[in-house]
Every structure is written in C-alpha cells, then in structure tokens.
Amino acid sequence: MTFISIAPDPALAEDTRCVETVERKGAGHPDTLCDRISELTSILYAEHCRKVFGRVAHHWFDKVMLIGGEAEIRFGAGWLTAPYEVILAGKAVTSIGDIDIPITDIFREAATTILIDTLKNFDPARDLIVTNKVRSGAGPGQPKSRYRPASAAELDQPDDPTLVSNDCNLCTGYYPMSVLEQIVLAVDEHLLSDQVQVQHPYIGSDIKTVGWRRDDAYALVVNVPFIASDVPSQEDYLQKCLDVETYIAKWIKDTWALHADVKLNPERLWKRAYLTVTGTVADTGDVGVTGRGNRMNGLITPGREMSIEASAGKNPLDHTGKLYNVLAAEIAKDISQEFGLPCKVGITTIKGALLSRPTSVTIALAPHNWSVKEIEPLVTSLVERKLETVAAVSKRFIEGSIRVC
C-alpha cells in the first residue's frame, strides 16, 4: 500500500522565489559524455539481449569514467597527442548459459557513437582506448541466476507484475520549469543546432551555462569552447566571443521577451582563450564520471529538491532510482496541468517493494483556493494510475526514448 499525501507549499509560488541559480553541463562536458555513454551502453546491451535471448538481462552501466587525452593547442591549430580512455565499471550478466554477451564491443560502440556525434576532429581508431571492468557477481541475498543465468528463461520481463525495487530510493520531480531553467537548459542545444553551427562552426560542445535571477533581473555566464583551428589569433578570438555573446542575448530576448546580462568566456579578460581540438576540455586531460553532472531533467538546480541518483546506465528493469525520477516528473506535470498550479512530487521506496507500490508519494501544490479534502480523491486516483505505468517507463528506457541528462 502506497501512502499518498497532499499539502500546500508557499515556496512553490513563483513570486516568492526572489533569487534563483541554475546550472547545466552541456553535451560535450566530460561528465555529460559519461552519462550519455552509460545510457547508450544500456540501450545497446538491451537491444542485443532482446535480439538474441528475447529478454533483457540485468545490468548496471552507471560507472563510466572518461580520462581525457593530451593535446597541442595554439591559435590556428590543434591536435591530440594522446588518446582518451573510457572505462566501464559496473555489474552485468556477461553470459547466459554458454553464450557470451559482447559487452566490450557494445561499450565501444556506445562510446564511439557518442564521441563522434558530439566532438569535432575526433578519430576513435586513433583517439580512443576502451576498457571493460564489468563484473557479474550476485549481491547479498540475490540468487546466482540474477547475474549468471543458465538460460534465457531465468531473465526477468519488464512487464512482470512481481518485479520489486532493487534499492531504497528518494526521487523527485516538479513542474513547470521556471523561465531561467528553460533558458539554461536550451543554451547549449541551441548553440549546437545545425542552424547556429552553420553561422558559428567554431563553437565546440563542452558548453557550461550558469544562470542567475534576482527578481526580474537575469544574468548568464556561458563558457563556450572554440575549435582552435578555426581561431587564427587572439584578436579573432575576442571578436568571436563578442559575436556569440551578442547572439545569445538577442536569442534570449527574441525567445523569452526579456533582457539577460550575458557574459561569455569571462577569462578572456585575462587574455586566456578557451581553445580545444575537438570541442571539449577532455582534450587536455580533464576527467568525466557518470552521475557528477546534470540531474535527470538536464539541469543542476540547488534551489530545488533534487535526487542525487545517477540514472544514466542503471538497470531499467527494477532500479526505482531511475524509474521513479521519471514518474515523479510526469505526476508533477499531470497534476500541475490539471490544477493550473506549480507542483512538486517526491517518491520513496524500500528494497523489495513492488515497483507499482512505492512506500510513499508526496505531492506539494502552490497555495490557491483549494482544500486537501476537495482534491484528494482526484489526485490519489491520478497517482495510482500513473504508478501502474511503471512497466511502460521501463520499456521506454530500454528503447532509448527517455532523455537522462
């Protein structure tokens, strides 16, 4: 039985949040690259298992580390002198009976796909080392068949109603995003769009955005790497910084009808140029790790309740830290749209609880002319219906249709 509680929360009213800070690590940030590689490894592994065995084996690919390479970089030129190394650590079924699952090949495909898709001037044959450290030992109290099954018949199905939570978790979600959150989330996606890349092909993908709001005053610092071979001089670098800075401010004004004070690559004031070979600081040895960056909604929001779960790469079959973050966000959206009020949702569970029956669901709504007694039946019914869709969420993860960072 799930305990469902509903309460007003004055902090959810937008006009009471006079100060706000939001951050996003963009697509090419080493931590985000690791998140994306983790999740794609899970998707490709699930795809392989479904094709060969008809079911998805248990796996945890949420421990990817990217160790950057070395590079020579100067105005007008840049090249890698040492490769990246991407390491996969975690647990997974490595064979079913006497049939091996090619985890190293799957991981290499995931890493290669993400890095080629995100970086420029990157040749995986030359610039990438892949290391597989996955283990297959069963945890305390788990049957040996969980990670060393004798046949495909021992594998779970995502729609099995008897599946239980693999962990104790606290997950959260809220709706809607604030204007500042919308802006920060959109910056790197917009700068990496085909339209902007045609105009500014020197922009790399390791874009970090930090935004602030105090009442109606908005400010952003956007760190944007430039491709060294496209920037011939310090003067050209400074002009390109000014061009992109002006472009972002105009784009914000045109899209959200507000003025934002935008500062791009502030280290240029000290004559330090943010130049890279491929578009990320991983070129020069920076390290990324799964789960150290954005939360599941793509943002880092210290003024909001956040789950610290590293959802990327986690087992989509029964890890509620992954599944319930989605459900919490979707429940918050449904309730918010139903009542026209900001909403936040928390879901907690214990290890061994049925996936569709977490321990508790807490709903907070912005105060208005409503009472708990009045809306409780409607909200409770909505929550219970949504919890029954947990198997569908699992399948969406397996199919790769849910964004995790």
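Residues numbered from 1 in each chain as written. Predicted model: local features only at pLDDT ≥ 70, side-chain atom pairs only at ≥ 80, totals over all residues. Heavy atoms only, no water.

### Some thoughts on the pairing of strand β4 (residues 70-74)
Okay, so step 1: Pairing between β4 and strand β5 (residues 77-82): five bridges, direction antiparallel. Bridging from a neighbouring strand, Ile 73 pairs with Gly 78 of β5.
Okay, so step 2: The turn linking β4 back onto β5 is made up of two residues, and Gly 76 within it adopts a positive phi angle of 90°. (Pairing = 2+ DSSP bridges. Helix = DSSP H or I, 4+ residues; strand = E, 2+ residues; numbered from the N terminus.)

### Focus: the packing of helix α7 (residues 320-339) against helix α9 (residues 390-399)
Okay, so step 1: Two elements in contact, α7 and α9, have axes whose closest approach is 10 Å; the angle formed by their N-to-C orientations is 115°. Classified by the angle between their axes, α7 and α9 sit roughly perpendicular to one another. Like other packed secondary-structure pairs, α7 and α9 cross with a definite hand, here right-handed. Across the interface between the two elements, Lys 322, Leu 323, Tyr 324, Val 326, Leu 327 and Glu 330 of α7 pack against Val 390, Val 393, Ser 394, Arg 396 and Phe 397 of α9.
Okay, so step 2: Looking at the contact of α7 with α9, its residues break down into seven nonpolar, one polar and three charged. (Axes fitted to C-alpha atoms, helices over the stretch in contact; angles between N-to-C directions. Parallel < 35°, antiparallel > 145°, perpendicular 65-115°, else oblique. Left-handed = near helix turned anticlockwise from the far one by under 90°. Contact = heavy atoms within 4.5 Å. Nonpolar A, V, L, I, M, F, W, Y, C, P; charged D, E, K, R; others polar.)

### With respect to the nonpolar core
Okay, so step 1: Membership of the largest hydrophobic core comes to 38 residues, with the highest contact counts inside it found for Tyr 45, Val 86 and Ile 101.
Okay, so step 2: Elements represented by at least two residues in this core include exactly α1 (30-53), β3 (59-67), β6 (84-92), α2 (103-118) and β9 (128-135).
Okay, so step 3: The greatest single-element share of this core, amounting to nine residues, is contributed by α1.
Okay, so step 4: The contact partners of Tyr 45, leaving out residues within four places of it in the chain, are Ala 57, His 58, His 59, Phe 61, Ala 92, Val 93, Ile 101, Ile 103 and Ile 106. (Core = buried A, V, L, I, M, F, W, Y, C linked by side-chain atoms within 4.5 Å. Buried < 20%, exposed > 50% of the residue type's maximum accessible area, 1.4 Å probe, protein only.)

### Some thoughts on α2
Okay, so step 1: The terminal C-alpha atoms of α2 lie 22 Å apart, and with 16 residues this matches the ideal 22 Å at 1.5 Å per residue to within 8%.
Okay, so step 2: Of all the positions in α2, only Ile 103, Ile 106, Phe 107, Ala 110, Ala 111, Thr 112, Ile 114, Leu 115 and Thr 118 are classed as buried.
Okay, so step 3: Buried residues along α2 sit against α1, β3, β6, α3 (124-127) and β9. (Expected span 1.5 Å × (residues − 1).)

### Describing helix α8 (residues 372-387)
Okay, so step 1: Its axis deflected by about 25° at Leu 378, α8 carries its strongest bend there.
Okay, so step 2: Along α8, the residues that are buried comprise Ile 375, Val 379, Leu 382, Val 383, Lys 386 and Leu 387.
Okay, so step 3: Where α8 is buried, its residues meet β1 (3-8), α7, β18 (360-365) and α9. (Bend = angle between axes of the 7 residues up to and from the residue.)

### Here we look at the sheet that holds strand β12 (residues 217-223)
Okay, so step 1: Here four strands make up an open sheet; going across it, the order is β2-β11-β12-β14 and the pairing mixed. The open sheet has two edge strands, β2 (19-25) and β14 (260-264), and neither has a second partner. Averaged over neighbouring strand pairs, the angle between their axes works out to 10° when direction is ignored.
Okay, so step 2: Across five bridges, β12 lies against β14 in parallel orientation. Across the sheet, the residue bridging to Ala 219 is Asp 261, located in β14.
Okay, so step 3: Packing of helix α6 (residues 234-256) onto the sheet brings it into contact with β12 and β14, and relative to β14 it is tilted by some 155°.

### Here we look at the packing of helix α4 (residues 179-191) against α6
The packing of two helices is summarised by the inter-axis angle and the distance between the axes.
Okay, so step 1: At a minimum axis separation of 11 Å, α4 and α6 run at an interaxial angle of 130°. Taken together, α4 and α6 sit at an angle that is classed as oblique. In the packing of α4 onto α6, the handedness of the crossing is right-handed. Of the residues in α6, those touching α4 at Val 179, Gln 182, Ile 183, Ala 186, Val 187, His 190 and Leu 191 are Val 244, Tyr 247, Ile 248, Trp 251, Ile 252 and Trp 256.

### A few points about the sheet that holds strand β17 (residues 343-349)
Okay, so step 1: Spatially, four strands are ordered β1-β18-β17-β10 in an open sheet, and the strand pairing comes out mixed. With one partner strand each, in any of the chains shown, β1 and β10 (169-175) form the two edges of the open sheet. Averaged over all neighbouring strand pairs, the angle between strand axes comes to 15°, with direction disregarded.
Okay, so step 2: Looking at chain direction, β17 and β18 are connected through six bridges and run antiparallel. The residue of β18 that forms the bridge with Thr 348 is Ser 360.
Okay, so step 3: Here α8 sits on the sheet in contact with β1 and β18, set at roughly 135° to β1.

Shape descriptors only; they carry no functional weight alone.
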